[in-house]
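Examining the three-dimensional arrangement
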Amino acid sequence: MPQEQASQSQTHDDERYIIGYAMEPKKIQNLLRPSLIEHARKHGIDLIPIDINKPLIQHHPNLHFHCIVQKLQPKHWNNLNLHQYMSKHATTTIIDPPHLVRNLQNRVSMLDFATNLPLSLQNVGVPYQVVIDIHKTSGGNDVEGMVMDSNLRFPVIAKPLYADGTMKSHELCLVFDREGLRETLNKNAAGGTTTTPVVLQEFVNHGGVVFKVYVAGEHVRCVKRRSLPDIPEEKAKTLKGTLKFSQISNFTVQDDNGAKSNPGHNGDGANHLSNIESAEMPEESLIKELARALRERTGLNMFNVDVIRDVKDCTRYLVIDINYFPGYAKLPSYEPFITDFLLDCVRNKPAVVCEKNQGMIMNE
Ligand SMILES: Nc1ncnc2c1ncn2[C@@H]1O[C@H](COP(=O)(O)OP(=O)(O)OP(=O)(O)O)[C@@H](O)[C@H]1O
Ligand SMILES: O=P(O)(O)O[C@H]1[C@H](OP(=O)(O)O)[C@@H](OP(=O)(O)O)[C@@H](O)[C@@H](O)[C@@H]1OP(=O)(O)O
Ligand SMILES: [Mg+2]
Ligand SMILES: [Mg+2]
């Protein structure tokens with residue numbers, strides 16, 4: 001369908017809306033493509049960049065933003081001084097409030113949102129995981145024993161606890177045995193006071209495909225991406241130590257020609273690709289219901305959810321990751337997708353979860 005027709009929200013009036021975007025240059029380059037700016041403009045939205053290094057009131061004292069979308073680190077929130085701006089422009093909507101975004105920057109609080117979901121989502125859960133923070137473990141002594149005594153079984157994935165947008169937060173590692181665990185724990189302890197806590201998460205065989213559910217308010221799209229290949233039980237017994245990997249699902253199916261350093265590509269690129277193509281999508285109703293439940297629970301509008309399907313029980317789905325403000329531009333026809341959402345925001349559709357400006361910048 002041509003992009004113009006795909007857009008559900010046409011402008012019915014002559015009113016123009018001003019939406020500011022506050023984000024780092026890399027994100028702007030990825031997301032704010034001329035095609036999006038132009039599509040939004042044709043539908044009544046002027047997208048204006050916000051300088052994230054100085055108070056907003058200084059460089060736009062009289063400009064009233066109907067809405068501001070953001071993906072920022074806390075230091076930039078201080079630079080922007082939105083309190084000051086809001087005292088003059090009380091009706092500006094912030095998508096999304098930073099104190100709520102913060103809940104997605106910790107891999108425990110993040111997955112808490114996907115536990116004990118309502119009955120309609122009883123087939124959706126999260127993998128078993130334990131947190132290891134050497135400095136918080138009393139005496140720091142037998143962490144290894146504690147992990148071995150837990151319900152965790154190898155292989156596991158070690159993920160930095162904080163998913164704060166840094167490159168480090170995406171450095172993951174498969175751990176195959178006790179020796180690998182020791183290595184991981186030693187690394188965790190080696191940093192002295194700057195140690196980064198990790199979560200050890202059960203590795204679940206899932207057919208090498210991850211479903212990425214992109215959410216922008218009421219608008220939801222699900223795409224398939226490549227993932228780690230399955231590790232058959234027999235093979236798992238022979239694997240030793242650890243294997244590092246990073247951002248394996250950042251390749252779309254089209255540009256998947258394999259990254260050598262990543263375990264997802266082990267010489268069977270063509271097979272892997274056909275696995276992805278032939279994988280059946282989850283039911284649309286499940287995707288929509290999951291998106292709705294997570295919007296309600298997180299209070300956020302813009303995020304994506306990584307979901308895998310357990311090969312042992314194809315009715316069972318596991319949420320493994322939730323990312324704030326992901327790379328929407330990787331979606332086909334992302335321009336109407338984002339524009340329709342922005343129109344909902346400025347028209348104050350009840351579908352958009354927002355707190356207006358009450359108290360949401362308080363803790364920045
Ligand atoms: N519990 C698991 N079982 C099997 N595979 C997993 C599991 N957790 C993660 N993976 C694989 O590792 C990849 C990266 O994990 P995860 O999404 O948690 O990391 P991330 O760095 O936060 O990724 P993103 O780039 O999406 O933010 C997943 O896309 C999936 O391929
Ligand atoms: O937004 P950033 O550039 O930082 O990168 C994000 C990236 O999107 P991009 O395509 O825009 O790079 C996302 O990819 P998709 O899930 O959409 O595939 C996902 O990997 C996020 O975790 C990243 O966010 P971070 O966790 O690092 O903040
Ligand atoms: Mg992920
Ligand atoms: Mg992530």
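These lines cover the structure that appears in this document, whether it is placed above or below. (Residues numbered from 1 in each chain as written. Chains lettered and ligands numbered in written order. Predicted model: local features only at pLDDT ≥ 70, side-chain atom pairs only at ≥ 80, totals over all residues. Heavy atoms only, no water.)

Examining the coordination of the magnesium ion (ligand 3)
Where a metal carries four tetrahedral donors, each ideal angle is 109.5 degrees; where it carries six octahedral donors, the ideal angles are 90 or 180 degrees. Around the magnesium ion (ligand 3), the protein contributes the donor atoms Asp306 (OD) and Asp321 (OD), which lie 2.0 to 2.2 Å from the metal centre. The magnesium ion (ligand 4) is placed at 3.8 Å from the magnesium ion (ligand 3), the two being bridged by Asp321. A residue pair is termed long-range when its members are at least 10 positions apart, and Asp306 in strand 13 (residues 302-309) and Asp321 in strand 14 (residues 317-324) qualify at 15 residues. Summarising the burial analysis for this pair, Asp306 and Asp321 share the class buried. (Donors = N, O, S within 2.8 Å, 3.2 Å for Na, K, Ca; no water. Helix = DSSP H or I, 4+ residues; strand = E, 2+ residues; numbered from the N terminus. Buried < 20%, exposed > 50% of the residue type's maximum accessible area, 1.4 Å probe, protein only.)

A short note on the site of ligand 1
In the vicinity of ligand 1 lie 23 residues, with Lys159, His170, Gln201, Ser227 and Asn323 positioned nearest. Taking Arg107, its side chain carries an N or O atom lying 3.0 Å from an oxygen atom of ligand 1. Between Ser227 and ligand 1, the recorded distance is 2.4 Å, taken from a side-chain N or O atom to an oxygen atom. Notes on ligand 1: free accessible area 610 Å², of which the protein chains cover 98%. (Near = heavy atom within 4 Å. Polar contact = N/O pair within 3.5 Å; in protein donor to acceptor, adjacent residues only side chain to side chain. Areas by Shrake-Rupley, 256 points an atom, 1.4 Å probe, with all protein chains shown as cover.)

As for the pattern of salt bridges
By the definition in use, this model includes 14 salt bridges. As a salt-bridge pair, Glu38 and Arg41 come within 2.8 Å of each other at their nearest N and O atoms. With a gap of three residues between them, Glu38 and Arg41 both fall in helix 3 (residues 34-42), about one helical turn apart. (Salt bridge = Lys/Arg side-chain N within 4 Å of Asp/Glu carboxyl O.)

Some details on the coordination of the magnesium ion (ligand 4)
The magnesium ion (ligand 4) binds to the protein through Asp321 (OD), Asp321 (OD) and Asn323 (OD1), with metal-donor distances spanning 2.1 to 2.7 Å. By relative accessible area, Asp321 is classed as buried at 13%.

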